[in-house]
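Structural description and commentary
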Amino acid sequence: MFAHILLIDDDEDDQFIFLTALKAVAPKCACRIVNNGADAIRDLQVHHSKTNMIFLDLNMPIMNGFEFLAILKTDSLLSSLPVTIYSTSDDPVDIKRAKALGAEQFISKSWDIQALIDELNGIISLQQA
């Protein structure tokens with residue numbers, strides 16, 4: 001079995017870095033990308049059965065990551081999907097708030113692809129175990 005990931009992030013550079021690291025960790029992994037929480041809700045209504053995990057940015061237009069989490073975790077069909085925050089923020093308040101809303105893990109974005117590879121390797125291995 002391989003992972004089906006939904007990346008919710010509006011920054012094209014961050015999307016590229018994430019996909020580069022993901023390919024190094026799990027080359028057979030399928031990854032869909034949407035640019036905001038509202039698009040993610042619509043995507044998940046169609047593809048919920050093809051989604052094993054979500055990586056979520058916090059700062060996005062239309063619907064930010066916190067708003068998305070609040071909706072996701074109240075939807076009985078979607079609430080069990082594991083969410084990892086993938087954000088430029090490393091603010092302890094944001095981390096605490098995201099975890100209170102149901103995020104399982106928190107990755108702070110950086111330009112260090114190897115660090116992201118290491119993080120993704122641990123997260124994907126844990127989810128597939």
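Since the model is a prediction, treat every value here as computed from it, not as a measurement. (Residues numbered from 1 in each chain as written. Predicted model: local features only at pLDDT ≥ 70, side-chain atom pairs only at ≥ 80, totals over all residues. Heavy atoms only, no water.)

Concerning the pattern of salt bridges
Under the criterion given, the structure shown has 5 salt bridges. Of the charged contacts, one joins aspartate 39 and arginine 42 as a salt bridge, the two residues approaching to 2.4 Å between their closest N and O atoms. One end of the pair is aspartate 39 and the other is arginine 42, both in helix H2 (residues 37-47) and 3 residues apart, which spans about a single turn. As a salt-bridge pair, aspartate 57 and lysine 109 come within 3.5 Å of each other at their nearest N and O atoms. Residue aspartate 57 is located in the loop between strand E3 (53-56) and helix H3 (65-72), and its partner lysine 109 is located in the loop between strand E5 (105-108) and helix H5 (113-128); the two are separated by 52 residues in the primary sequence. The residues aspartate 57 and lysine 109 share a single accessibility class, namely buried. The network of salt bridges with common partners includes Asp9, Asp14, Asp57 and Lys109. (Salt bridge = Lys/Arg side-chain N within 4 Å of Asp/Glu carboxyl O. Helix = DSSP H or I, 4+ residues; strand = E, 2+ residues; numbered from the N terminus. Buried < 20%, exposed > 50% of the residue type's maximum accessible area, 1.4 Å probe, protein only.)

Some points on the nonpolar core
Core analysis: the biggest nonpolar cluster contains 23 residues, and Ile8, Leu44, Ile54, Leu56, Phe68 and Ile85 have the highest contact counts within it. Taken together, the elements giving at least two residues each to this core come down to strand E1 (4-8), H2, E3, H3 and strand E4 (83-87). Beyond its immediate chain neighbours, meaning those up to four positions away, leucine 44 contacts Leu6, Arg32, Thr51, Ile54, Phe68, Leu72, Leu78 and Leu81. Listed in part, the 19 residues of the second largest apolar core include Ile5, Ala21, Phe55 and Ile107. (Core = buried A, V, L, I, M, F, W, Y, C linked by side-chain atoms within 4.5 Å. Contact = heavy atoms within 4.5 Å.)

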